[in-house]
Amino acid sequence: IGRMLKDGVVTEREAEWARALPLGIRRGRETEFVSAEHFTEEVRRQLIERYGEAGLYEGGLSVRTTLDPRLQKIAQRVLRNGLISYDRRHGWRGPLGTMEIGYDWAEKLGAVSKPGSLGDWKMGVILTLMEEGVEVGLASGAIGIIPMTELTWARAWAKGQRVGPKPKWPRDVVKVGDIVPIEELPGEHRGFYGLRQIPQIQGGLVAMDPHTGRVLAMVGGYDFSGSEFNRATQARRQPGSAFKPFIYAAALENGFTPASLVLDAPFVIDQGEGRPKWKPANYTKKFYGPSTLRLGIEKSRNLMTVRLAQFIGMEVVRDYANRFGISDDMPEMLSMALGAGETTLTRLTTAYAMLVNGGKKVIPTLIDRIQDKRGKTVFVHDGRTCTFCQDVRWNGQPAPTIKDDRLKVVDPQTAYQVVSMLEGAVERGTGRRVKAVKKPLAGKTGTSNDSVDTWFMGFAPDLAVGVYGGFDKPRTLGRREQGASVAAPIFRDFMLEALEGQTAIPFRIPPGIRLVRVNASTGVLARASDRNTILEAFRPGTEPTSAGPVLDGTMAIAPGTRARSGTGGLY
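Calculation rules
Residues numbered from 1 in each chain as written. Predicted model: local features only at pLDDT ≥ 70, side-chain atom pairs only at ≥ 80, totals over all residues. Heavy atoms only, no water. Helix = DSSP H or I, 4+ residues; strand = E, 2+ residues; numbered from the N terminus. Buried < 20%, exposed > 50% of the residue type's maximum accessible area, 1.4 Å probe, protein only. Contact = heavy atoms within 4.5 Å. Areas by Shrake-Rupley, 256 points an atom, 1.4 Å probe, with all protein chains shown as cover. Lys, Arg positive; Asp, Glu negative; His and termini not counted. Charge placed at Lys NZ, Arg CZ, Asp CG, Glu CD. 1 Å grid on protein atoms, 1.4 Å probe; cavity = no way out; pocket = protein on both sides within 12 Å on 5 of 7 lines; lining within 4 Å. Points joined across faces, edges and corners; volume = space filled by probe spheres on them. Nonpolar A, V, L, I, M, F, W, Y, C, P; charged D, E, K, R; others polar.

A. Structural view of the overall build of the protein chain. A count of helices and strands for the protein chain gives 13 helices and 20 strands. Across its three principal axes, the protein chain shows a C-alpha extent of roughly 85 × 80 × 50 Å. Counting across all 571 residues of the protein chain, residues that qualify as buried make up 48%. Residue pairs in contact within the protein chain that sit at least 24 positions apart in sequence constitute 69% of those at least 6 positions apart. On the protein chain, roughly 29300 Å² of surface is accessible, and the fraction owed to carbon and sulfur atoms is 51%. Distance between charge centroids for the protein chain: 5 Å, based on 78 positive and 62 negative side chains.

Quick look at the structure:
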């Protein structure tokens, strides 16, 4: 008060009045502590790269990140639950260890070191086997019960992620002296526990604002205390079919339409002397004849994709991979069209963000702004200038318009055509498990050879999300596992909570797009008698003007042969 009086900010009378008031504490909004270890570690790495260790730890920097605490909590929970769900499907790998049961069992159990990824679970030791369950002891000396209903999931694990028969008795799962992870069951009856297992599978989830590249949530693994390695930014894995939308985008900008027909038939390439012939196949091991581009992406047809990539040229595919930031130097090999190259979850999520934002370039960022110890802004992610934003007192006037200087990666009409096809993948294709969200969503599954890497990449109009699952040391996730079973349920559960209570916003249609009702199977202009029809998105001048011929699926077109029809062509 004295300083304010000396500086002439207040009068003598105002100063006396202020001194007479009792001192009090005004509580503002309480500090919120958010657990986001992989996110904050990535921020730390970026700050060290930018300012060095001395600048980071001694520079007095104030860093404002892009993190959304609500979305981060959802991301951590659904990824953890999704990895646990996969792990339980593939059986029980055995106890953490064993010990002799004596009078001092509680003391012995307390001396056992806890695994890094145990989290909120506890360690227990099996004391007694009963018909209806087992008695389990805790380090505190307390004794609880694991009912048989909490043991039935624990089928014996076998190599190749196979499992044995469903256990009928507790002895089929555990024996006295086994040390196991347990979790207390919710409900009125305390002292009942469930048998748990720390997953070996790892994964990642990235949620991003597709218009700015701001990373709103990032989880880089099952548990940071068990592994600090960030699978969202550091792991380079094969995206499989999650790469296909960018081949289709390239095709759409090189003479194709969503209704163009591409042959789905056997494809063989001679790789040279001493090497086996390359024979890609569809996941179903079947062939479907001439099919539209839309069907190719909705049903994730490998043979159509390879034929399409061969036709437009792998140099074009490589260019689009570079444009979208998926890969910097992708080999011009046809296998790359099926996602055999490597990328990171963050890069691929950013690429999908560029599709839904209308084809504009965005750069992913975890940091909004950095200020030095004097409060001076030394870094800001949004580098656009706003002439009328400074030294202006806001008095209810509209916000100023800032120029959009983002680079154009693809034409907005092309971007929307791909978005529309990916929306179909959720409605009718490999992403059907995501339909439960009941909001406009689009996305694509991805599975590498032998089900080693699994993905689901997708978006709502204003939120792009990528999910990855796989073992750190590459090996199969199981014969029937794929992006639709491992990653898609995690994406679905995240979107269910993230979009809860929000208005269902449809995907934005750019000017010039023509929506024409066509036959969903053939791509020809729909007849009045057709039942299986959809609204297809066309560029001006490429839409069908007549019903055209009806294809019976028996034509055989040699690779590279191109026969045009009224629907946009057969390739």
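Continuing now.
B. Quick peek at empty space enclosed by the protein. Scanning the entire structure with this criterion turns up one cavity of 30 Å³ or more. Lining of the largest cavity is provided by P239, F243, I326, S327, M330, M336, G339, G341, E342 and T343. Its residues placed into classes, the lining of the largest cavity shows five nonpolar, four polar and one charged.

C. Structural detail: the layout of surface pockets. Approximately 1000 Å³ is the volume found for the largest pocket. The wall of the largest pocket is formed by 34 residues, among which A281, N282, Y283, N302 and T447 lie closest to the centre. Among the elements that make up the lining of the largest pocket, the one with the highest residue count is strand β16 (residues 442-447) (four residues). Broken down by class, the residue content of the lining of the largest pocket amounts to eight nonpolar, 18 polar and eight charged.

D. The environment of I370, seen in detail. Looking at the secondary structure, you find I370 in strand β14 (residues 367-371). Overall, I370 belongs to the buried group, its relative accessible area being 0%. Taking the C-alpha atoms as reference, I370 lies 6.7 Å from L61; in sequence the two are 309 residues apart. With sequence-adjacent residues up to four places away left out, I370 is seen in contact with L47, R50, Y51, L61, S62, V63, K376, T377, V378 and F379.

None of this, on its own, says anything about what the molecule does.
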